[in-house]
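Residue strings, one per chain:
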Amino acid sequence: TGRGTDGSLLVRTDTTDMVVVIDENTAVRERSGLRSIKVDVPSLVPGLRVDVEGTFQTTTQFLAERITFTRTDLKIARDIEAGLTPTNEALRDSAR
């Protein structure tokens, strides 16, 4: 999962990349056990495994009605992102 400049998501599947369009009607939920809580779109961090329900606009574009993810997957994605930030900064500094 990655974020586009227009607020869309780039979701990678086993076979293709899919642009997932998020609008004001898209519900974003975090599952924790049997509970599901509403969260904001910024919770969708790069690398997060998500389940998306909605409709195809084109063969590579999907309008999301509901996006869900687990608390465990969010923790994993944030841990990976935290580890990549120092690495990316070190690579950028060494390229100068």
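Predicted model only: the values in this text are computed from it and were never measured. (Residues numbered from 1 in each chain as written. Predicted model: local features only at pLDDT ≥ 70, side-chain atom pairs only at ≥ 80, totals over all residues. Heavy atoms only, no water.)

**Considering the pairing of strand 6 (residues 51-56)**
Quick reminder of the rule: Here the rule is simple: two strands pair whenever DSSP picks up at least two bridges between them. Where helices and strands are cited, they refer to DSSP runs of H or I of at least four residues and of E of at least two residues respectively, numbered from the N terminus.
Both strand 6 and strand 7 (residues 61-70) contribute to a ladder of six bridges, which runs antiparallel. Within strand 7, the position partnered with Thr55 by the bridge is Leu63. Following strand 6, the chain reverses through four residues before pairing antiparallel with strand 7.

**Brief notes about the packing of aromatic side chains**
Formally: Only rings of Phe, Tyr and Trp enter the pairing, Trp through its six-membered ring, and a pair is recorded when the two centres are within 6.5 Å. The plane angle decides the type: under 30 degrees is stacked, over 60 is edge-to-face, the rest tilted. Accessible area is worked out with a 1.4 Å probe on protein chains only. A residue is then buried under 20% of its type maximum, exposed over 50%, and partly exposed in between.
In total, this model carries one aromatic pair according to the counting rule given. The interplanar angle of 80° and the centroid separation of 4.9 Å between the aromatic rings of Phe56 and Phe62 together place this pair among those described as edge-to-face. Judged by relative accessible area, Phe62 falls into the buried class, the value being 11%.

**Details of the pattern of salt bridges**
Selection criterion: Each salt bridge in this description consists of a side-chain nitrogen of Lys or Arg and a carboxyl oxygen of Asp or Glu lying within 4 Å of one another.
Taken as a whole, this structure holds three salt bridges when the rule is applied. A salt bridge links Lys75 to Asp79, with the shortest nitrogen-to-oxygen separation between them at 2.9 Å. Within this pair, Lys75 and its partner Asp79 are both found in helix 1 (residues 71-94), separated by four residues, close to a single helical turn. Residue class for Asp79 comes out partly exposed when judged on its relative accessible area of 44%.

**Points about the nonpolar core**
To keep it simple, the criterion reads: Only buried residues count toward a nonpolar core, which is a set of Ala, Val, Leu, Ile, Met, Phe, Trp, Tyr and Cys residues joined through side-chain atoms within 4.5 Å.
Ranked by internal contacts, the top residues of the largest apolar core, which has 17 residues, are Leu9, Val20, Leu44, Leu48, Val50, Ile67 and Phe69. Counting only elements with at least two residues in this core, the list comes to strand 2 (9-12), strand 3 (17-21), strand 7 and helix 1. With four residues, strand 7 is the largest single contributor of residues to this core.

**A short note on the environment of Val20**
Turning to its location among the elements, Val20 is positioned in strand 3. Sequence-wise, Val20 and Leu9 are eleven residues apart; in three dimensions their C-alpha atoms are separated by 5.0 Å.

**Some details on the environment of Ile67**
Defined as follows: Whether two residues touch is decided by their heavy atoms; if any such pair falls within 4.5 Å, the residues are in contact.
Relative to the assigned elements, Ile67 resides in strand 7. Separated by 17 residues in sequence, Ile67 and Val50 have C-alpha atoms that sit 6.6 Å apart. Apart from the residues lying within four places of it in its own chain, the contact partners of Ile67 are Leu9, Ile22, Thr26, Ala27, Val28, Arg29, Leu44, Val50, Asp51 and Val52.

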